[in-house]
Amino acid sequence: MRGAVIHAPGDVRIETLDDPEILQPTDAIIRTAVTCVCGSDLWPYRGVEPIGDPHPMGHEYVGVVEEVGDEVTSVRPGQLVVGSFATSDNTCANCRNGWQSNCLHREFMSTCQADLVRIPHADGTLVATEETPGDEFLPGLLAVSDVMGTGWYAALAAEVRPGSTAVVVGDGAVGLCGVIAAKEQGAERIIAMSRHEPRQKLALEFGATDIVTERGEEGVARIKDLTDGIGADSVLECVGTAESMRQALHSARPGGNVGFVGVPHDVTIDAQELFFSHVGLRGGPAPVRRYLPELIDLVLSGRIDPGKVFDLTLPLDEVAEGYKAMDERRAIKTLLKP
């Protein structure tokens, strides 16, 4: 099969790899219908995270089941399935508490920019659609496998409430999906922080009521101006840098909440400052599996269309261009068709 392999910063190649095999009776093999490049894939691509030996890439996927292990009962060959970037048995204590991304048997998917993918813990990780949807729904379902589920979690972690004011820090795919999530969870005012016109337009289409172009302390000051000097009820931090975290924490009102889902890089938090701010902070890898049934229904019903974050579609063979376009901010998110 074909699969994307990263060799060094800026060096992603499509290569011929061994087809995956059933290794455990709880495994499934899927043939990808669509996959994509994630903003978090850019960390190693840019050299911010170590790469080590060349290895496959990708953790977002929608596909058709090809084969299942002897113990798999919830999905069968021929079904279209969506799964999370984190596998889960969906039966352990953490899963039962709704934190499938911290399953006691969790594995992080990392080989999905490929024709075929092995899915561990298939019963607990995959959700099949009742019928095979039209191709027009595939981008939205692909978004659900990570960025929409992550944006949804960011809004829940930030405790967005009906009638509240929410700020979204970050205008990548997760941040834009966070706008959708904040709207669906009832925010009356949604302030998107973005400097890029195409992303601003999409944020407004998704439900943002205000756009703030300033960053850092200037951005915080603008948020305070828009909230009578107090700050926002909820802030969704969707980047993962020290600046974005500081901006998020300072944009929240006393008693407000920050949901942080950007993978942190060189982020430190002043505990004393947090203590006296009365700002709540929750984040981490989104428990996407918890939300999959609801989000799949929202996509297939046409209520939300997070697939619009994919503004570049390429064949899998051109995965290198997909990374480059996102790195250069010529694309929000690249969809790959095997």
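Below is a short write-up of the structure. This one's a predicted model, so the numbers in the text were calculated from it and none came from an experiment. Residue indices begin from 1 for each chain and proceed along its sequence in written order. Where local features are concerned, this predicted model is filtered to residues with pLDDT of at least 70; where side-chain atom pairs are given and counted, the filter is 80 or more; whole-chain, interface and lining totals use all residues. Side-chain descriptors were evaluated using all non-hydrogen atoms of the structure, hydrogens and water having been removed beforehand.

What about the layout of surface pockets?
A pocket, in this scheme, is an open set of points on a 1 Å grid over the protein atoms alone with protein on both sides within 12 Å along at least 5 of 7 lines, while a cavity is a set where a 1.4 Å probe fits but cannot get out; residues line either one if an atom lies within 4 Å of a point. Grid points are joined across faces, edges and corners, and a volume is the space filled by probe spheres set on the points. In this structure, the second largest pocket encloses a volume near 300 Å³. If you go around the second largest pocket, you meet 17 residues; those closest to its centre are M245, R246, L249, H250 and E273. Labels follow the DSSP assignment, with helices taken as runs of H or I lasting at least four residues and strands as runs of E lasting at least two, numbered in each case from the N terminus. For the lining of the second largest pocket, the secondary-structure elements that each account for two or more residues are α9 (242–251), β13 (252–260) and α10 (271–277). With five residues, the top contributor of residues to the lining of the second largest pocket is α9. Three classes are used: nonpolar for Ala, Val, Leu, Ile, Met, Phe, Trp, Tyr, Cys and Pro, charged for Asp, Glu, Lys and Arg, and polar for all others, with Gly counted as polar. Residue classes in the lining of the second largest pocket are distributed as nine nonpolar, three polar and five charged.

Some details on helix α8 (residues 216–226)
Partly exposed describes any residue whose relative accessible area lies between the buried limit of under 20% and the exposed limit of over 50%, with all areas from a 1.4 Å probe on protein chains only and scaled to the type maximum. Buried within α8 we find G216, G219, V220, I223 and L226. Angularly, the buried residues of α8 cover 120° about the axis, an arc narrow enough to put them on a single face. Those residues of α8 that are exposed and angled more than 90 degrees off the buried face are E218 and D225. Pairs of residues are marked as contacts when any of their non-hydrogen atoms sit within 4.5 Å. Looking at the packing, one finds that the buried side of α8 touches β9 (165–169), β10 (189–193), β11 (210–212) and α9. When we speak of the arc, we mean the arc of directions from the helix axis to the C-beta atoms.

What about the pairing of strand β2 (residues 11–16)?
Walk down a regular strand and you will see the side chains alternate between the two sheet faces. In this description, strands pair whenever DSSP reports at least two bridges between them. Here six bridges tie strand β1 (residues 2–8) to β2, and the two strands are oriented antiparallel to one another. Note on β2: the bridge partner recorded for V5 is R13. Hairpin connection, β1 to β2: the antiparallel pair is bridged by two residues, and G10 has positive phi, about 75°.

Limitation: the analysis is restricted to geometry and does not speak to function.
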